[in-house]
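Now for the letters of each chain:
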Amino acid sequence: MDKRVTVLLPNGRRQNVNVTANMTLLEILETACFKHGYDAEEHCLKFHNKVVGLTQQFRFSGLPNNCVLEMEQTEKRRTLSNVLVCVQLNDGSRQQGDFSPNDTIWLVVEKLCETHVKAYESPVIIYMRSEVIGHEQMRQTTLKSLGILEGRAMMRLIDKKPEDLKTQANVYKAPAVKPRVDNDDQPSTSRSAMAAGGSGGGGGFALTSNMIKNLKRTAPEEKASGSEPAKPLGESNQEQQPQPEPPKYDWGNGSGYLMNHPPEQKQAENEVEENPGRAPPVVKIIGPRQAVLFSLDESKKNANDLPDSFFDLTVNDLKMVLRDLKRTSSGDDDAPLLTAKLRELERQKAMLAKLNQYKDCVLRIQFPDRFVLQGMFKPHEPLSKVEDFVREFLVQPGEQFHLFTIPPKKVLPSGETLLELNFVPNAIVHFGFIKDSLNAVSNRFVKEEYVDQLTSEEGAHYAVQKYRLTRATASGSS
């Protein structure tokens, strides 16, 4: 397709200039000036009130087709200075020299690599995307016509026939489109299929191949009895609902990592201690507020013993992934803009909802030596209560310390409540002395008498579950 630009001249006239991809903006300016009798050395081109570089080729200038360029007079006449030109040969060697922009390409080649160019049958100079082929074209092409007006320039001198230049190496060939084959055995990813999978709300998320493979491997084997008649969708969901699995917790390394679960998983949490196939972990309470102490290093050692089947994607895991995706997609993208007062009102409502739902919160304090102290607190209690709780277990209780969250590191104020710090229903905070010399990993932070009463990380989770179950039972009976 033909490309052209319109040059708006100082006298108010317009001049259309047909351009090619390798044409420089200087050639566009000279063409317009030649037709209307202006001096190109005393004018410049502007696009949207910004001066454009005349040395650029049109393909690299970023100018759209049919754009309008304004020609304005410069404050001083443009002068030409010598240019350092470097020519690279086929063997990788380079020759360089100073030349005037009005010198021809043939003069540059003849001066820098005369012996090589005589041996070439069809010499070709390549600069940017421009190709100057043969002796005659080199004698007619100047450095200025290639946009080389100042500074330095790099060229390549090769020996190739013009027809060979049209052949590209490593050309990408698009693969042929395979015909679509309908397979009834493939699981559906439509909205109705995902709705049948037990996840409510909107949808439209595609299942990856890994998800499908794991889903096939872990799904109930209803295909074994192919002679059974098809059942309604609602009945099949009720009969083939998989048994709930023990929840997998992930506290992470920051604050505000929640342990709450959907309503359909609360029953599974309450019945964990009633599971006859597995003995409950040993929990050692070492102080008030259901305090337990465990080591992350010990938890890491135990995590290495997990079987490979633990990491397989189950049906429940897939449902939770889809649920989280849908919650993310139905976020605040379409929500109306709120003023500062309305945002504060929404924050207050969220805090009241947490107070109504959670009567206590779990706080874990991680020490530099990777020991973690866990305790139960009320949402309305200030952080100073947590600091007093931690001080009871320290080897050096008289030293000043602070609690902070990461990343990024944020020292927590002692006067704010756990609810205001967004620590409800649970959070992880980090411990550090004010004196940096006391924060060495080799130091002991918790008293030895408590280190000898370690609980496993699983036991710490179990202690939280049992405590909340006991509180729920007591409140229900009252």
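What counts as what
Residues numbered from 1 in each chain as written. Predicted model: local features only at pLDDT ≥ 70, side-chain atom pairs only at ≥ 80, totals over all residues. Heavy atoms only, no water. Salt bridge = Lys/Arg side-chain N within 4 Å of Asp/Glu carboxyl O. Helix = DSSP H or I, 4+ residues; strand = E, 2+ residues; numbered from the N terminus. Buried < 20%, exposed > 50% of the residue type's maximum accessible area, 1.4 Å probe, protein only. Contact = heavy atoms within 4.5 Å. Pairing = 2+ DSSP bridges. Core = buried A, V, L, I, M, F, W, Y, C linked by side-chain atoms within 4.5 Å.

- If you look the protein up in an unreviewed UniProt entry, it shows as GH28815p from Drosophila melanogaster.

### Looking at the pattern of salt bridges
Argument step 1. Applying the stated criterion across every chain, the model contains 14 salt bridges.
Argument step 2. Arg289 is the salt-bridge partner of Glu381, the closest N and O atoms lying 2.9 Å from each other. Here the residue Glu381 occupies a position in the loop between strand E13 (371-377) and helix H13 (383-391), and Arg289 occupies one in the loop between helix H9 (263-270) and strand E11 (292-295), the gap between them amounting to 92 residues.
Argument step 3. By relative accessible area, Glu381 is classed as buried at 12%.
Argument step 4. Residue Arg468 is joined to Asp360 by a salt bridge in which the shortest nitrogen-to-oxygen separation is 3.8 Å. Of this pair, Arg468 sits in helix H15 (residues 457-477) while Asp360 sits in the loop between helix H12 (340-357) and strand E12 (361-366), and the two are 108 residues apart along the sequence.
Argument step 5. Since its relative accessible area comes to 6%, Asp360 is described here as buried.
Argument step 6. One salt-bridge network, in which partners are shared between bridges, spans Glu30, Glu41, Arg78 and Lys144.

### Focus on the side chain of Asp369
Argument step 1. Here Asp369 is to be found in the loop between E12 and E13.
Argument step 2. Sequence-distant contacts of Asp369, that is, excluding residues within four places in its chain, are made with Asp297, Val441, Asn443, Arg444 and Phe445.

### Quick word on the sheet that holds strand E5 (residues 68-73)
Argument step 1. Read from one edge of the open sheet, five strands run E2-E1-E5-E3-E4, paired in mixed fashion. The open sheet is flanked by strand E2 (14-19) and strand E4 (50-51), the only strands paired with a single partner.
Argument step 2. As judged from the two bridges shared by strand E3 (residues 43-47) and E4, these two strands associate in the antiparallel manner. Bridging from a neighbouring strand, Lys46 pairs with Val51 of E4.

### Notes on the nonpolar core
Argument step 1. In terms of nonpolar packing, the biggest core is built from 35 residues, with Ile365, Phe367, Val386, Val390 and Phe431 touching the most fellow members.
Argument step 2. Looking at this core, the elements that each hand over two or more residues are E12, E13, H13, strand E14 (401-405), strand E16 (426-433) and helix H14 (448-451).
Argument step 3. With sequence-adjacent residues up to four places away left out, Ile365 is seen in contact with Phe371, Val372, Leu373, Val386, Phe389, Val390, Leu403, Val429 and Phe431.

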